[in-house]
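# Coordinate inspection notes
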Amino acid sequence: GSSADRRGRNETITPMKRSFERAQRRREEGHGYKHDLGQNFLYDEELLETLVQSTGVTKADSVLEIGPGSGMLTKHLCPHAQKVLAVEVDHDIIPFLKVNTAAFSNLEIVEGDIRKQDLLALCGPLGENFLVIANIPYNITTPIFEALWESGLPIRQISVMIQKEVAEKLMAAPSTASYGLMSVKCQYYCTPRLECIVPAEKFTPPPKVDSAFVHLTMNGSRSAEVQNERRLFSLLRAGFNLRRKTLSNALRSAVEPETLKAAMEQAGISPTARAEELSVEEWIRLANACS
């Protein structure tokens, strides 16, 4: 090419280019990516450091990291935290993780699928008020959230990289397109906050969608407002399974029609309301009125 071409090429050695070259080297060393594990790696050191700092993690905190991969995020977590427990399912990547994090004595690596672990036993050593900080595999976001939310673990905050579309669901307000069962569950257990949007090209290999880094602060006292949590969740499932129907019709499988009618009146909910129109507080009022 011309000298202008060459100059143009030299000027584009961006962090993305470097991360791509690193990825190429990894591939040449015989380490490919496993799409079935939802692996997309983030190599932008400056961004990783900024994200870790945004979590507020301090030397007084223990951290659970899910899916550390080759340890890019782990390397930034360890200097800030008291202890990091990293759970990785991919046997082939663990040697890379160990080499990348060899300098840190406050890291424990566990090989296994987070969904199959006894979470209470696994996280016991992390103590009270620990943090979950992770770039979670996108294909198992929902089961991981549900496992953490429903675990009863003393988690203070969950800070995670997830698909932008999922982040929108977590933070959605009633009567908006993204609002659904996931929104209500998230807002029941947590107070979600968006830290930043991370474009797809920051990752190797780039996923098909943009990502978002979010902080979910756990609402420890929420369940105290609820007389019967199982009743609340059975109503939610029934309501959102038939979200196009009015609640008077959608909840028939879960509650006797007369009881439901009286409960809706007591909770101040219109008989023509649909599932997606109710806030978390209104769902709780309705569930309590049905109990």
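It should be emphasised that the depicted structure is a prediction, and the values quoted were computed from it without experimental measurement.

The subject of this paragraph is the nonpolar core. Residues Leu64, Phe145, Trp149, Ile158, Trp283 and Leu286 are the most contacted members of the largest nonpolar core, which totals 64 residues. Here Trp149 is in contact with Ile158, Leu170, Met182, Lys185, Cys186, Tyr189, Cys190, Leu216 and Met218, once residues within four sequence places are set aside. By size, the runner-up hydrophobic cluster in this structure holds 23 residues, among which are Tyr43, Val63, Met161 and Phe203.

The phi angle at Asn129 is positive, at roughly 60°, despite the residue not being glycine. Positive phi values are uncommon outside glycine, yet Ser175 reaches one of about 65°. Summarising the element assignment, Ser175 is placed in the loop between α8 (164–171) and α9 (181–189). You can call Ser175 exposed: its relative accessible area is 53%.

Quick look at helix α12 (residues 257–266) now. Side chains that are three or four residues apart share a direction in an α-helix, a result of its 3.6 residues per turn. By the burial criterion, the buried members of α12 are Leu260, Ala263 and Met264. Seen along its axis, α12 keeps its buried residues to an arc of 100°; they face one direction. Exposed residues lying more than 90 degrees from the buried face of α12 are Glu258, Lys261, Glu265 and Gln266. In the core, the buried residues of α12 are packed alongside α11 (247–250) and α13 (280–290). Gly268 sits one or two residues past α12 and shows a positive phi near 70°.

In a beta sheet, neighbouring strands pair by backbone hydrogen bonds and run either parallel or antiparallel. One open sheet accounts for seven strands, arranged β4-β3-β2-β5-β6-β9-β7; its pairing is mixed. Strands at the two margins of the open sheet, each flanked by one partner only, are β4 (107–111) and β7 (190–198). If you compare each strand with its neighbour and ignore which way they point, the axes differ by 20° on average. As paired strands, strand β2 (residues 62–66) and strand β3 (residues 83–88) are joined by five bridges and run parallel to one another.

Conventions used here
- Residues numbered from 1 in each chain as written.
- Predicted model: local features only at pLDDT ≥ 70, side-chain atom pairs only at ≥ 80, totals over all residues.
- Heavy atoms only, no water.
- Core = buried A, V, L, I, M, F, W, Y, C linked by side-chain atoms within 4.5 Å.
- Buried < 20%, exposed > 50% of the residue type's maximum accessible area, 1.4 Å probe, protein only.
- Contact = heavy atoms within 4.5 Å.
- Helix = DSSP H or I, 4+ residues; strand = E, 2+ residues; numbered from the N terminus.
- Arc of directions from axis to C-beta.
- Pairing = 2+ DSSP bridges.
- Axes fitted to C-alpha atoms, helices over the stretch in contact; angles between N-to-C directions.

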